[in-house]
Amino acid sequence: MKHFDYKAAAKEAGLNPSQLARLCKAIREEFPHDDMQFELHVLRTCMAIKDGKVST
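Residues numbered from 1 in each chain as written. Predicted model: local features only at pLDDT ≥ 70, side-chain atom pairs only at ≥ 80, totals over all residues. Heavy atoms only, no water.

K.L.:
Lay out the overall build of the protein with the relevant residues and their values.
P.N.:
Within the protein, the regular secondary structure consists of three helices and zero strands. Written out in order from the N terminus, the α and β elements of the protein read α-α-α. Its C-alpha atoms give the protein a radius of gyration of 10 Å, within 12% of the compact-globule value 10 Å for 56 residues. Residues counted as buried form 32% of the 56 residues belonging to the protein. A sequence separation of at least 24 residues applies to 54% of the contacts in the protein between residues at least 6 apart. Looking at the protein as shown, the accessible area adds up to about 4000 Å², and 53% of this sits on carbon and sulfur atoms. Counting 9 positive and 8 negative side-chain charges, the protein places the averaged centre of each group 4 Å from the other. (Helix = DSSP H or I, 4+ residues; strand = E, 2+ residues; numbered from the N terminus. Rg over C-alpha atoms; globule rule 2.2 N^0.38 Å. Buried < 20%, exposed > 50% of the residue type's maximum accessible area, 1.4 Å probe, protein only. Contact = heavy atoms within 4.5 Å. Areas by Shrake-Rupley, 256 points an atom, 1.4 Å probe, with all protein chains shown as cover. Lys, Arg positive; Asp, Glu negative; His and termini not counted. Charge placed at Lys NZ, Arg CZ, Asp CG, Glu CD.)

K.L.:
How would you explain the pattern of salt bridges if you had to name every residue and give the values?
P.N.:
Opposite charge on two side chains makes pairing possible when the charged atoms of those side chains draw close. Taken as a whole, this structure holds four salt bridges when the rule is applied. Ionic pairing is found between Lys-25 and Glu-29, a salt bridge with its closest N-O pair at 3.4 Å. Taken together, the residues Lys-25 and Glu-29, both in helix α2 (residues 17-30) and four residues apart, mark about one turn of the helix. Put simply, Lys-2, Arg-28 and Asp-35 are held in one network by salt bridges that share partners. (Salt bridge = Lys/Arg side-chain N within 4 Å of Asp/Glu carboxyl O.)

K.L.:
Before we move on, could you go through the packing of aromatic side chains and cite the residues and values that matter?
P.N.:
Scanning the model with the defined rule gives one aromatic pair in all. Ring centres of Tyr-6 and Phe-38 lie 5.9 Å apart, and the angle between their planes is 80 degrees; on these two criteria the pair is classed as edge-to-face. A residue pair is termed long-range when its members are at least 10 positions apart, and Tyr-6 in helix α1 (residues 6-13) and Phe-38 in helix α3 (residues 35-50) qualify at 32 residues. Neither Tyr-6 nor Phe-38 differs from the other in exposure class; each is buried. The lysine or arginine in question, Arg-28, covers the ring of Phe-38, its NZ or CZ lying 4.0 Å from the ring centre. (Phe/Tyr/Trp six-rings, centres within 6.5 Å; stacked < 30°, edge-to-face > 60°. Lys NZ or Arg CZ within 6 Å of the ring centre and 35° of its normal.)

K.L.:
Before we move on, can you summarise the nonpolar core with the specific residues and values?
P.N.:
Tyr-6, Leu-15, Leu-20, Leu-23, Phe-38, Val-42 and Cys-46 are the most contacted members of the largest nonpolar core, which has 15 residues in total. At the level of elements, α1, α2 and α3 are the ones that each hand at least two residues to this core. No other element matches the five residues that α3 contributes to this core. For Tyr-6, the residues in contact, after removing those within four places along its chain, are Leu-20, Cys-24, Phe-38, Glu-39, Val-42, Leu-43 and Cys-46. (Core = buried A, V, L, I, M, F, W, Y, C linked by side-chain atoms within 4.5 Å.)

Function cannot be read off these values alone, since they describe shape.
Spelled out as structure tokens, the structure:
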């Protein structure tokens with residue numbers, strides 16, 4: 001983690017390591033060279049999953 005603690009958010013959202021890896025892979029494709037945007041989008045997606053706004 002460099003900018004955002006998305007791993008803690010993933011844990012709170014109940015994502016298992018495989019689910020987080022798939023999510024990270026998909027988001028990394030959108031932001032291949034921007035770590036901050038990558039982490040921000042992973043964090044926001046995890047928060048949305050936790051809040052029930054999206055599902056896995």
